[in-house]
Amino acid sequence: MHSVFLYHAMQAGMDMGIVNPSMLEVYDSIPEDLLILVEDVVLNRKPDATEKLIKFAGDIKDEEKKTGKKDDWRKSTVEERLKHALVKGITEYIEQDVLAAKKNYPRALNVIEGPLMDGMNIVGDLFGSGKMFLPQVVKSARVMKKAVSVLMPFIEAEKDTAGDNQISSSGKVILATVKGDVHDIGKNIVGIVLSCNNYEVIDLGVMVPNDRIIEALETNQPDIVGVSGLITPSLEVMADLASELDKKNMKIPLLIGGATTSKIHTAVRIEPRYRGPVIHVKDASRSVGVVNSLVSGDLKDTFIKTVRLEYEELRSSYTGSASRIKYLPLEKARSNRLRTDWSKAPVYKPGSTGIKVLEDYPVSEIREYINWIFFFIVWQLRGKFPDILDDPGQGEEARKLYKDANILLDRIEKEKLLKANGVIGFFPANSVGDDIEVYADETRKNTIARFVNLRNQVQKDDGTPNLCLSDFIAPRETGIADYIGAFAVTTGIGIDTALREFESRQDDYSSIMIKALADRLAEAFTELIHEKVRKEWWGYAGNESLDMESLFYEKYQGIRPAHGYPACPDHSEKETLFRLLDASRNAGITLTESYSMIPAASVSGLMFAHPGSKYFFVGKISRDQVEDYARRKGVAPETIEKWLASNLNYT
């Protein structure tokens, strides 16, 4: 019924709609007798249409109970069986069906280019039209990989006797996560989706320097290159790549993707540096349409022209809106800091100061704190949990995904596929201007760390303060003994071994699943320890009683800002945090040159107990603060401009 409604609505000129695509079927594949009954209901063609459809549904259910039609597809031709297995993601019979199909074709390659690609074309069309969900596509890719692995020995043998035996493709795409960044779930999903649409994908991996990307372009001569990254320093690396490509006089389309990227950033900071096409790709579902347009002789020029005009308008709009925002000089912003009467404000002393190491923390305890909403978002299923499990459109696929996730979680827990390590610390601290000094002991004479912070500079017309994290710590001149917390946790220890196992089985679905779960477990571990900090280890909110939903909505006292996020956007401050906690030794987490954490499933940050502390956006900052910040950190202003390129209110 969803499929029929959407089909007719689109035919009638519907431009946009909110749909639940998990229940959609291919309109043309709906059996004719069922299609007639459904259209009678949807189009209100007959007065007894509803009764007839209900009776038909009951008859089908009864028939399936009697005859068990689950495996009726096995009676079809081997070509149809292969297509069905690909569309439904069924691996159970793939080896025997592939070998059976090989007997019907002169070469093993013909099986790939024939029924297997026919099946993948269906998958690509369904996903592109919103009739198939990402988890289903990844499962289809798993079936395809297994099928190809069965045929590869035959293909290699045929090469020896028949010369070149290359699989034809729609085009060649190079993908990479840029230098200093280790996050690749989104990139891997894009690669799978493109592969399902018959594109040859060359994945260069993670932390790929720009010169290696360019070398791969010159060697492989692809049609398109796509780069991704999660952390904000990656944005500048992408901009540098655009400049390098331009210097090489290349014109290959450059795709930009990743969590911190945006269309406006691409238009303002990246596209002007490169004469070739630059296109921001929001998520995997958009990648096929973009790539198809870029390799199509009929569509390419018009598509590129349209994007360039759109980005030009975005730049103009951005410049206009930016000029309307007024910024305070840094000293005036500091004068409008959060005002706290520290003689009356509560200050909470931890039961003990110093470092606490959490080694091999039980996954069984951590998993109870998983925020499943963000897990489903990875798979492009969106909705409140657990409501999404009963959603009339997404529910069926969400339930399958949730079941698979918990099966893998059980295995992670039982077989210790992932190890959870953490380190937290509580330290005497005071603010000094916009910085926070951390002391070795209660004498507060020996400063062992100094966190350099940024302050919001946007002019406020409503009396709200221009916040800085130092506002939440008592100033040194007050003589009040205040404290700060710090943490670094990971649930990614051991993931490489698990990934090698899944990759050896051509199981992209499980590879993406364990990465997504590792990320969720890391966030859950953070949620768990922060609760223990508030109620036990620091104990400033010992009477707190919040359910899980309240935790996720941050209804508790205090905050735990992570470096690289809005309240403290400079990732380089992680260096200070890691030295303070000795996080590499105590938790097994290291930093890349761009301050991305390894393993990728890691979280770190500071903890504040002040009742008035809250999350906020530093936002755009002016040149005066950049120069002041650089001086306090002991680096050149140009270095800060590179680290904080997306936070500058000037060019």
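Structural data are supplied above this passage.
Residues numbered from 1 in each chain as written. Predicted model: local features only at pLDDT ≥ 70, side-chain atom pairs only at ≥ 80, totals over all residues. Heavy atoms only, no water.

Draft legend 1. Fine view of the overall build of the protein chain. If you tally the helices and strands in the protein chain, you get 24 helices and 13 strands. Rg of the C-alpha trace for the protein chain: 28 Å, near the compact-globule value of 26 Å for 651 residues, within the 12% margin. Oriented by its inertia axes, the alpha-carbon framework of the protein chain measures out at about 85 × 60 × 55 Å. As displayed, the protein chain offers around 30400 Å² of accessible surface, 50% of which is attributable to carbon and sulfur atoms. Taking the average location of the 84 positive side-chain charges in the protein chain and that of its 95 negative ones, the two points are 3 Å from each other. (Helix = DSSP H or I, 4+ residues; strand = E, 2+ residues; numbered from the N terminus. Rg over C-alpha atoms; globule rule 2.2 N^0.38 Å. Areas by Shrake-Rupley, 256 points an atom, 1.4 Å probe, with all protein chains shown as cover. Lys, Arg positive; Asp, Glu negative; His and termini not counted. Charge placed at Lys NZ, Arg CZ, Asp CG, Glu CD.)

Draft legend 2. Local environment of the pattern of salt bridges. One pass over the structure, following the stated rule, counts 52 salt bridges. One salt bridge connects Arg-455 with Asp-434, and the closest N-O pair in it is separated by 2.7 Å. Here Arg-455, found in the loop between β9 (447–452) and β10 (482–493), pairs with Asp-434, found in the loop between β7 (419–432) and β8 (435–439); they are 21 residues apart in sequence, far enough to count as distant. Both residues of the pair, Arg-455 and Asp-434, count as buried. The closest approach of N and O atoms between Asp-471 and Arg-455, which form a salt bridge, is 3.0 Å. Here Arg-455 lies in the loop between β9 and β10 and Asp-471 lies in the loop between β9 and β10, a separation of 16 residues in the sequence. (Salt bridge = Lys/Arg side-chain N within 4 Å of Asp/Glu carboxyl O. Buried < 20%, exposed > 50% of the residue type's maximum accessible area, 1.4 Å probe, protein only.)

Draft legend 3. Region of interest: the pairing of β7. Burial within β7 is extensive, with 12 of its 14 residues counted as buried. Pairing geometry for strand β6 (residues 354–358) and β7, over 5 bridges, is antiparallel. Among the inter-strand pairings, Lys-356 is bridged to a residue of β7, identified as Ile-424. Two strands pair when backbone bridges link them, and β7 and β10 are joined in this way by 10 bridges, in the antiparallel orientation. By the bridge assignment, Lys-419 is partnered in β10 with Ile-493. Strand direction decides the pairing type here: β7 and β8, joined by 4 bridges, are antiparallel. Directly across from Ala-429, in β8, lies its bridge partner Val-438. From the end of β7 to the start of β8, which pair antiparallel, there are 2 residues, and Gly-433 there has a positive phi angle of about 65 degrees. (Pairing = 2+ DSSP bridges.)

Draft legend 4. Quick peek at the nonpolar core. Within the largest apolar cluster, 109 residues are counted, with the highest numbers of intra-cluster contacts made by Phe-375, Trp-379 and Ile-514. Here this core takes 15 residues from helix α19 (residues 508–537), the largest share from any one element. The contacts of Ile-514, once residues within four sequence positions are left out, are Leu-408, Ile-412, Leu-417, Leu-418, Ile-495, Ala-498, Leu-499 and Phe-502. (Core = buried A, V, L, I, M, F, W, Y, C linked by side-chain atoms within 4.5 Å. Contact = heavy atoms within 4.5 Å.)

Draft legend 5. Summary view of the sheet that holds strand β3 (residues 224–228). Read from one edge to the other, the open sheet built from 5 strands follows the order β2-β1-β3-β4-β5, with strand pairing classed as parallel. The outermost strands of the open sheet, each flanked by one partner alone, are β2 (199–203) and β5 (278–280). Direction aside, neighbouring strands of the sheet carry axes that sit 25 degrees apart on average. In the sheet, strand β1 (residues 171–177) pairs with β3 via 5 bridges, with the strands oriented parallel. Looking at β3, one finds that Thr-177 is bridged to Ser-228. (Axes fitted to C-alpha atoms, helices over the stretch in contact; angles between N-to-C directions.)

Draft legend 6. Molecular detail of the environment of Arg-286. Its location among the elements puts Arg-286 in helix α12 (residues 284–295). For the pair Arg-286 and Trp-73, spaced 213 residues apart in sequence, the C-alpha separation works out to 32 Å.

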